[in-house]
Amino acid sequence: MTNGSFTRVRLQSHHRGQHNVSGSARQRLCRRTLSEESPGMRHMSGRRGSSLTFIRLQDKLIDPSSVSYVYKLSPSVGCVMTGSIADARASVSRARGEAAEFRYKYGYEMPCDVLAKRLANINQVYTQRVGTTVLAAPSESSADIATRLTCAHWAWRQR
Amino acid sequence: MRPLGVATTLISVDSEYGPQLFKCDPAGYYVGYKATASGPKTQEALNFLERKLKNKECAEGSWQDVVELGISTLSSVLSVDFKKGELEIGIVGGPKVDGSEGTDSGFRALTEEEIDERLQAIADKD
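Rules and cut-offs
Residues numbered from 1 in each chain as written. Chains lettered and ligands numbered in written order. Predicted model: local features only at pLDDT ≥ 70, side-chain atom pairs only at ≥ 80, totals over all residues. Helix = DSSP H or I, 4+ residues; strand = E, 2+ residues; numbered from the N terminus. Rg over C-alpha atoms; globule rule 2.2 N^0.38 Å. Contact = placed C-beta atoms within 7 Å. Pairing = 2+ DSSP bridges. Axes fitted to C-alpha atoms, helices over the stretch in contact; angles between N-to-C directions. Core = buried A, V, L, I, M, F, W, Y, C linked by C-beta atoms within 7 Å. Buried ≥ 20, exposed ≤ 12 C-beta atoms within 10 Å, placed from the backbone. Parallel < 35°, antiparallel > 145°, perpendicular 65-115°, else oblique. Left-handed = near helix turned anticlockwise from the far one by under 90°.

**Examining the overall build of chain B**
- Secondary structure assignment for chain B yields three helices and six strands.
- Counting helices and strands in the order they occur from the N terminus, chain B gives β-β-β-β-α-α-β-β-α.
- In terms of overall dimensions, chain B is globule-like: its C-alpha atoms have a radius of gyration of 15 Å, near the 14 Å expected for 126 residues.
- When the backbone C-alpha atoms are referred to their principal axes, chain B occupies close to 45 × 35 × 35 Å.
- Long-range contacts, defined as pairs at least 24 residues apart, comprise 41% of the intrachain contacts of chain B with a sequence gap of at least 6.

**A word on the sheet that holds strand β3 (residues 30-32) of chain B**
- What the five strands build is an open sheet, ordered β3(A)-β4(A)-β1(B)-β2(B)-β3(B); its pairing is antiparallel. A single partner strand is all that each edge strand has here, and the edge strands are β3 (70-72) of chain A together with β3 of chain B. This sheet shows a mean twist of 20 degrees between the axes of neighbouring strands, independent of strand direction.
- In this sheet, β3 of chain B lies alongside strand β2 (residues 18-24) of chain B in antiparallel orientation, the contact comprising three bridges.

**A look at the nonpolar core**
- In terms of nonpolar packing, the biggest core is built from 48 residues, with V77, L115 and A116 of chain A together with L10 of chain B touching the most fellow members.
- It is helix α2 (residues 63-78) of chain B that provides the largest number of residues to this core, a total of seven residues.
- Beyond its immediate chain neighbours, meaning those up to four positions away, L10 of chain B contacts V77, C79, C112, L115 and A116 of chain A together with F22 of chain B.

**Digging into the packing of helix α1 (residues 42-52) of chain B against α2 of chain B**
Residues and elements named next belong to chain B.
- Close contact between α1 and α2 brings their axes to 9 Å; oriented N to C, the two are set at 135 degrees. Between α1 and α2, the angle is such that the two are oblique. The hand of the α1/α2 crossing is right-handed. For the pair α1 and α2, the contacting residues are E44, A45, F48, L49 and K52 in the first and L69, T73, S76 and V77 in the second.

**Looking at unusual backbone geometry**
Residues and elements named next belong to chain B.
- In this structure, K41 is a non-glycine residue whose phi angle is positive, near 65 degrees.
- For K41, a count of 20 C-beta atoms within 10 Å gives the class buried.
- The phi dihedral of S79 falls on the positive side, at around 45 degrees, and the residue is not glycine.
- With respect to the element layout, S79 can be found in the loop between α2 and β5 (87-95).

Here you go:
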């Protein structure tokens, strides 16, 4: 099952009242939402320093305060992650390490653009291995592409 | 090792370059933005922001205005009316914590009460 089809089902669940999902489809949908670890989400940011996350919790039993995609990487740099939450935590912990090491080495906080470049460089290295693909893509459009193509091909397509 | 399936959106107020917003994707592509969105319905959100920021250098107004622009973008693109518990907002360049003049260049997440204030402000505008 591609990520794309999952999203469509999820949207139906949101407008259940209007769309009249059939019984079996609804059951399928419940199974999928339960098996899916990360809830659906949207992120956006505007300049002048603000970023926000919208988390649509499919499972009504989840405690919303326990779900977070906004992280502080250093005193001055913050970020919001989109995609697999497990991968996001790995990436955040690496980024915090990089920011702390920069501060220790050079005596001032790591600037945002330098950190962005460092993270991008780290990500790029993974694309050099042929045959490895992104398991959870950060957006709907990239999902189908990323599951079929290697990440390197995807990068090429994204130009 | 496989690539990490995450897009990272970084914000900061730089002492040299001012407000900065960067997005890194799993392929290693990164670029700065005036405003951006990621996740499902990215394109719709970007179209909305493009309209709002036409011929502008950045999102204008106080930090409150920028946060409200963000919330209204999401709610119009997703056609959802938000409740305070459904949103997470992180800001840089907000007010000083002790209430004195100037901006605080540090990053912090808004509390639920602060988010509710902004939602109220949006509701009062309409």
